[in-house]
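# Structural overview for review
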Amino acid sequence: QVQFVESGGGLVQPGGSLRLSCAASGSIYIIYAMGWYRQAPGKQRELVADITTGGRTNYRDFVKGRFTISRDNAKNTVYLQKNSLKPEDTAVYYCNAKYRWSNWGQGTQVTVSS
């Protein structure tokens, strides 16, 4: 099945920015909605944002106005621009289809700390 490789994470101070990338081994053009998920220690994985092939986006309330999800179907890549980062955003971030999951990748660690 399609494999996903997440990158772009790292250590950033509160208020800082990161752009995460999700490279897929296959076409994402046929995937109706792609999503970014995150999992903090001791927590369940949760959906953060998703985007359809038509560019319609949805965000959880706690990231609205700070995160922007986008996709480049030609490059089989999904992005998550993360601004105004907070310590609560610390987690491992994953990408996958919203409705029909493929195998989960390793994710990329985001740590927000001063």
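Here the structure is shown first, and the text comes after it.
Structural notes, computed from the coordinates. Remember, it's a predicted structure, so these values are computed and weren't measured experimentally.

Position of Cys22 relative to the elements: it lies in strand 3 (residues 18-24). We classify Cys22 as buried; its relative accessible area is 1%. Remark: the alpha-carbon pair of Cys22 and Lys43, spanning 21 residues in sequence, is separated by 22 Å. Those residues in contact with Cys22 that lie beyond four places of it in its chain are Phe4, Val5, Glu6, Trp36, Asn76, Thr77, Val78 and Cys95.

Bringing the sheet that holds strand 8 (residues 77-82) into the picture now. In space, the 4 strands of this open sheet follow the order 1-3-8-7, with antiparallel pairing throughout. Looking at the sheet topology across the chains shown, the edges are occupied by strand 1 (4-7) and strand 7 (67-72). With direction set aside, neighbouring strand axes in the sheet form an average angle of 15°. Taken together, the 6 bridges between strand 7 and strand 8 define a ladder with antiparallel strand orientation. Bridge pairing in strand 8 links Asp72 to Thr77.

Scoring rules and cut-offs
- Residues numbered from 1 in each chain as written.
- Predicted model: local features only at pLDDT ≥ 70, side-chain atom pairs only at ≥ 80, totals over all residues.
- Heavy atoms only, no water.
- Helix = DSSP H or I, 4+ residues; strand = E, 2+ residues; numbered from the N terminus.
- Buried < 20%, exposed > 50% of the residue type's maximum accessible area, 1.4 Å probe, protein only.
- Contact = heavy atoms within 4.5 Å.
- Pairing = 2+ DSSP bridges.
- Axes fitted to C-alpha atoms, helices over the stretch in contact; angles between N-to-C directions.

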